[in-house]
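Examining the three-dimensional arrangement
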Amino acid sequence: MQRGQFSSRFGFLMAAAGSAVGLGNIWSFPTNTAESGGGAFVAVYLILTFLLAYPALMAELTIGRHTQSNVVGALDKLANGTASRIAARTVGLGGVITAAMILSFYAIVAGWMLSYLFVPVAQITGLTGVEAWLTSGSPDNPGNWWFFTAIFSALTMLIIMKGIENGIEKWSSRLMPSLLTLLVVLIIYVMTQPGAMTGLQVYLVPNIADINTDLLLNALGQSFFSLSLGVGTMLVYGSYLSKQENLPKLGASLALIDVGIAFTAGLLIIPALFVAQAAGTEIYNEAGSLIAGPDLILQVLPSLFDSMGSIGMIVAFAFFALMSIAALTSSISMLEVPVSYLIEQRGMTRVRATQVAGSLILALSSLIVFNFGALFGLVVDTATVWLQPLLGVGLCIFVGWIWHRNSLIESIAEGAPEVRNSLFMKIWPTYVKFFCPALILLVLAQTVNLF
Ligand code: PHE
């Protein structure tokens, strides 16, 4: 069977950056920063992304491009004995299941973004009843949450059904530039408002005293989630990449884009929080720390938009469009993990695989929506705090211990012979073998609150 492939380097970069840049960058990075006292978190996050997440990203891209397979098939091809075959199945299927779990809660949060996107539309058209309904969702009244989760899941499925070039690549290449434009326009606007400079200071000036082990491990988890690591997303995107490409360079660009957009999103959200304060909204909670999470995105920011008068409606629309786009280019990459598995290991057509995986995941989302208090936090934590880093350790072990070192080097050098004598090649293979697994295991000692 003919496998799909990205048609250009730009297409791959847009798709992979689309996967990486998501609610993790625009929601949870600024939120984590606000919770952890500002600049210190930013500094630690930047350092850890390059020390740890970038090498782990390279592990996934390399395995994918070498084996040209979905995550289960890929690890199976690398395995060379009974024990490593069992490990391949465990890590591979673990990745498929974790990707599905992440999508199941991600679609709910993305559904909130979609419903808030329609609020300014309802306001402009004077549909007050609709406006009230759009923001009426809650754990006790989850009807509209479910509705928007289903719409978001359907959008994700429609793109994935179209395949690599016509679905993932085409939509990521359209959506990512609009995302950047919206982000920049919003930042320029917020920066001109009273209060913004106080926010900028809180965001950018690190207070060394804030750095502690909690913050360190929190930043590590954040950078793992943000680069879509551990679940085979980057592996499968790497598998659609031509053997001509220079992997270390592409991986570095990807990490830079992801970090760059997270950092830029912080320039929007944190100053916006202080603009809201200047406009009379309370931005500290009872415990004295900055309001974060859903309260920040769904209450503080909308109340800021409201206080801006009619321009506020346009700003609100732009903001939630930005959030929805970021979520969609990430959710398609999550769905591609089980879909590529069903196509290649279970012999399904792409359409059938998308229907099967998509509806199972929507069923899981529904279960969570209707049992929100009991399940939401549990699924988020299990998938992102435990499974993602654990699977990351598994993938590093495959690259470091199971894959033959010479074959690994040959595979990376394929698109870029100059890499053979580079600093990257001197450090990276040993680095992923020992340091990455050890450091990632440290993450597991810590509970990370992403949302
Ligand atoms: N990186 C995405 C974000 O920042 C989330 C994600 C996790 C995407 C795992 C794919 C796989 O929102």
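Because the structure is a prediction, the values reported are computed rather than measured.

**Observations regarding the site of the ligand**
Neighbouring the ligand are 17 residues; A20, G24, Y106, F225 and S226 lie closest to it. Measuring from a nitrogen atom of the ligand, one finds a backbone N or O atom of S19 at 3.2 Å. S228 is positioned with one of its side-chain polar atoms (N or O) 3.1 Å from a nitrogen atom of the ligand. Protein burial of the ligand: of its 330 Å² of free accessible surface, 100% is covered by the chains. The cavity where the ligand resides is the largest cavity. Counting residues per element, the ones that place at least two in the shell around the ligand are α1 (9–20), α2 (23–35), α5 (82–124), α10 (213–226) and α14 (310–346). For the shell around the ligand, the class distribution of residues is 7 nonpolar, 10 polar and no charged.

**Some remarks on the nonpolar core**
In this structure, I63, I297 and F319 are the most contacted members of the largest nonpolar core, which totals 168 residues. The element contributing the most residues to this core is α5, with 21 residues. Filtering out sequence-adjacent residues up to four positions away, F319 remains in contact with L186, L268, I269, I297, L301 and F305.

**Overview of the state of the cysteines**
Scanning the model with the defined rule gives 0 disulfides in all. Here C396 stays unpaired: no disulfide links it, and the sulfur of C436, its closest cysteine neighbor, is 4.5 Å away.

**Some thoughts on the environment of F225**
Relative to the helices and strands, F225 resides in helix α10. Spatially, the C-alpha atoms of F225 and L183 are 21 Å apart, while their sequence positions differ by 42 residues.

**Concerning the environment of Q299**
Inspection of the secondary structure assignment puts Q299 in helix α13 (residues 293–307). Since its relative accessible area comes to 52%, Q299 is described here as exposed.

**Remarks on the packing of aromatic side chains**
In this description, an aromatic ring pair is defined by two values, namely the gap between the centres and the angle between the planes. Counted by the stated rule, this structure contains 27 aromatic pairs. On the numbers, 6.1 Å between centres and 80 degrees between planes, the contact of F6 with Y240 is edge-to-face. Here F6, found in the segment before α1, pairs with Y240, found in the loop between α11 (233–239) and α12 (247–278); they are 234 residues apart in sequence, far enough to count as distant. By the burial criterion, F6 is buried, and Y240 matches it. Taken together through their ring pairs, the aromatic side chains of W27, F105, W112, W145, F372 and F376 make up a single cluster. Its guanidinium or amino end placed over the ring of W171, R174 lies 4.7 Å from that ring's centre, counting from NZ or CZ. In this arrangement the basic side chain of K433 is found over the ring face of W401, its NZ or CZ atom lying 4.5 Å from the centre.

**A closer look at the environment of V190**
Summarising the element assignment, V190 is placed in helix α8 (residues 163–191). C-alpha separation for the pair V190 and F274, spaced 84 residues apart in sequence, amounts to 9.9 Å. If we ignore the near neighbours within four places in the chain, the residues touching V190 are A196, L268, P271, A272 and V275.

**Considering the confidence of the model for the chain**
Averaged over all residues, the pLDDT of the chain equals 91, while 97% of them reach at least 70. Across the chain, the element-wise mean pLDDT spans from 81 in α10 up to 98 in helix α15 (residues 350–370). For the stretch residues 447–451, pLDDT sits under 50, and the model shows 21 contacts to residues farther than four places along the chain or on other chains.

Rules of the game
Every residue gets a number counted from 1 within its own chain, in the order that chain's sequence is written. Only residues with pLDDT of 70 or above have their local features reported here, since the model is predicted, and side-chain atom pairs are shown and tallied only from 80 upward, although totals for entire chains, interfaces and linings are computed over all residues. Side-chain numbers come from the whole structure's heavy atoms, not from hydrogens or water. The rule for a residue being near a molecule or strand is that one of its heavy atoms must lie within 4 Å of it. Within 3.5 Å is the distance limit for a polar contact, defined as a pair of N or O atoms, with the added protein rule that one can donate a hydrogen and the other accept it, and that residues adjacent in sequence qualify only through two side-chain atoms. Where accessible areas are quoted, they stem from the Shrake-Rupley method and a 1.4 Å probe; at the residue level, only the protein chains shown are allowed to cover. Grid spacing is 1 Å over the protein atoms alone, the probe is 1.4 Å, and a cavity is where that probe fits but cannot get out, while a pocket is an open set with protein on both sides within 12 Å along at least five of seven lines and lining residues have an atom within 4 Å of a point. Put plainly, a molecule is in a cavity or pocket when over half of its atoms are within 2 Å of the grid points there. In DSSP terms, a helix is any run of H or I states spanning at least four residues, a strand is any run of E spanning at least two, and both are numbered starting from the N terminus. Under the scheme applied, nonpolar residues are Ala, Val, Leu, Ile, Met, Phe, Trp, Tyr, Cys and Pro; charged residues are Asp, Glu, Lys and Arg; polar residues are all the others, including Gly. Here the nonpolar core consists of buried residues drawn from Ala, Val, Leu, Ile, Met, Phe, Trp, Tyr and Cys, with membership extended through side-chain atoms lying within 4.5 Å. For every residue, the accessible area (1.4 Å probe, protein chains only) is compared with the maximum for its type, and the residue is labelled buried under 20%, exposed over 50%, or partly exposed between those bounds. What makes two residues a contact is simply this: any of their non-hydrogen atoms within 4.5 Å. The term disulfide is used for any two cysteine sulfur atoms that are within 2.5 Å. Ring pairs are drawn from Phe, Tyr and Trp, using the six-membered ring of Trp, whenever the two centres fall within 6.5 Å, and their geometry is named by plane angle: stacked under 30 degrees, edge-to-face over 60, tilted for the rest. Only when the NZ atom of a Lys or the CZ atom of an Arg is both within 6 Å of the ring centre and within 35 degrees of the ring normal do we say a charge sits over the ring. pLDDT is defined as a per-residue confidence score from the predictor, taking values between 0 and 100.

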